[in-house]
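One letter stands for each residue in the lines below.
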Amino acid sequence: MTLSAREQIASATMVANHEVVTNLTRAKAAMETLVHEMHDLTCLLTRDGRIIWGNTTSADWLNVEHDSLHEIELRALFPGDEWKPIADRLSKITIDSEYEEFSGPVVIKDKLREVLWSLRPFKAVSDRRGILVLVVGRDITDVLQARSERAKLEAELETAQIMQQSFFPAPYIKTKNVEVCSYYRPAEQCSGDWWGYFDLGNDTELVCIADVTGHGAASALVTAMTQASCLSYAKRHFESKTKVSARQLLQEINDVVFHTFHGDFYMTFFAFILEHKNSVLRVSNAGHNFPMVLKGDRIPGKNPESIILQGNPIGHADDTIYSEEELPLLKGNRYVMYTDGFTECRNPAQRMYGPGNFRRSVLRNADKSAVEFRDSLVNEALNFYAAEPLADDLTLVTIDILA
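The paragraphs below set out a description of the structure included in this document.

### Overview of the pairing of strand S11 (residues 280–286)
Then step 1. With respect to burial, S11 is a largely interior element, 7 of its 7 residues being buried.
Then step 2. Here S11 shows no split at all, with Val280, Arg282, Ser284 and Ala286 on one side and Leu281, Val283 and Asn285 on the other all buried.
Then step 3. Two elements, strand S10 (residues 267–275) and S11, share 6 bridges in a ladder whose sense is antiparallel. Counterpart to Glu275 in the pairing with S11 is Val280.
Then step 4. Here 4 bridges tie S11 to strand S14 (residues 325–328), and the two strands are oriented antiparallel to one another. Along S14, the bridge assignment pairs Val283 with Glu325.

### A closer look at the side chain of Asn333
Then step 1. Locating Asn333 in the fold gives a position in the loop between S14 and strand S15 (334–338).
Then step 2. From its side chain, Asn333 meets the backbone nitrogen of Gly296 in a polar contact 3.2 Å long.

### Notes on the packing of aromatic side chains
Then step 1. Going through the model one piece at a time under the given rule, you end up with 13 aromatic pairs.
Then step 2. Between Trp194 and Phe198, the ring centres sit 6.5 Å apart and the planes meet at 45°, which makes this aromatic pair tilted. Accessibility classification places Trp194 together with Phe198 in one group, the buried group.
Then step 3. The ring centre of Phe102 lies 3.9 Å from the NZ or CZ of Arg89, which sits over that ring.

### A few points about the pattern of salt bridges
Then step 1. Counted by the stated rule, this structure contains 17 salt bridges.
Then step 2. Here Asp48 and Arg50 are joined by a salt bridge, their closest N and O atoms 3.4 Å apart.
Then step 3. By relative accessible area, Arg50 is classed as partly exposed at 40%.
Then step 4. With its nearest N and O atoms 2.6 Å apart, the salt bridge here joins Arg364 to Glu380. Of the two residues, Arg364 is situated in helix H8 (residues 354–364) and Glu380 in helix H9 (residues 370–385); the sequence distance between them amounts to 16 residues.

Rules of the game
Every chain begins its residue count from 1, and numbering advances along the sequence as written. Only residues with pLDDT of at least 70 get local features here, since the model is predicted, and only at 80 or more are side-chain atom pairs given and counted; chain-wide, interface and lining totals rely on the full set of residues. Processing note: side-chain calculations cover all non-hydrogen atoms of the structure and skip hydrogens and water entirely. Exposure categories follow from relative accessible area, calculated using a 1.4 Å probe and restricted to protein chains: below 20% of the type maximum is buried, above 50% is exposed, and the middle band is partly exposed. Secondary structure elements follow DSSP: runs of H or I of four or more residues count as helices, runs of E of two or more count as strands, with numbering from the N terminus. For two strands to be treated as a pair, DSSP must find at least two bridges joining them. Residues adjacent in sequence count toward polar contacts only when both atoms are side-chain atoms; beyond that, a polar contact is any pair of N or O atoms within 3.5 Å, and within protein one must be able to donate a hydrogen and the other to accept it. Stacked, tilted and edge-to-face pairs are distinguished by plane angle, under 30 degrees for stacked and over 60 for edge-to-face with tilted covering the rest, among Phe, Tyr and Trp rings (Trp via its six-membered ring) whose centres lie within 6.5 Å. Consider the ring centre and the ring normal. A charge sits over the ring if Lys NZ or Arg CZ is within 6 Å of that centre and within 35 degrees of that normal. Take a side-chain nitrogen of Lys or Arg and a carboxyl oxygen of Asp or Glu: if they are within 4 Å of each other, that pair is a salt bridge.

Structure follows, in structure tokens:
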């Protein structure tokens, strides 16, 4: 039988209405499922705190069956007088009230937790219960604890950074025999780089540089031990009447580091002992970058020489035997010591600065004064890195022989 136009419209309208109702029912069910599965407490309250509806988290926090939520009040969560501030807020809410957010403690399964609460008026289908309030509670205890622990860690690292920086000599040292310039910049708050200057008396000086694998607080601890070892060595050999040995210093530091960390930390190390009375430079190396030498004549275009001396890193093995070499210590010579951060840090295109760029920078600025030389080397490297975060610590030490 053919339907009339009116009947066709009515039928189509019924089908459309059915689809709308079905879709709304599905959407409502999906939303209820979503809300029930939320980890945040979500419930509807009357202004006197009675629960009209709540999700499963609400029941879990209150430690009741979900079907029994309507029989209790939210105040059951709050210890002592902690409910009063919320009760006061609820009593003042009107249909035009703004969203409110605040935090406070509750007891969840006998544990005190900090919860971030939000309150807002809820427009219900019926107003027979009066104004209803949508309440959402988010447990932020773990977040606050993590923040507290992070703040504590940052404070401890800041203290460690201050302490570590106290181990470093001044960035400019001038005596009758030498002019020493340095630059130091950690990649993080604490560093695995270190350098030291020690007056041994009798016109003798010790200058050394070290680089612990990695950077951070653990590496900084190794540098602290190294500084203490060097200080002890310098005091024992101050104004010594016997030859002061760079090799012996490395042996002592290796013994301390290896037997403390059992091979878990390595450190490269290079030691200069400058004996000015006899014009002798004694050097010993533990796997560090070879220092460069600019001779006093500064022949234009001549590449800087390197002090090539091998040796195992400190902490690699307890039976390592370090070698020592004696070189002439000549007035006008300039020595350049550095850690590998200078050559291995990258620019935004991820290209390393490299030893070639560093050597060319040394050669290009060779005729400048000690301070200008240091500053030029640093500025050219930093300009290359541009805005790229440092991947490693940077330490540079230059030594000019004055007499």
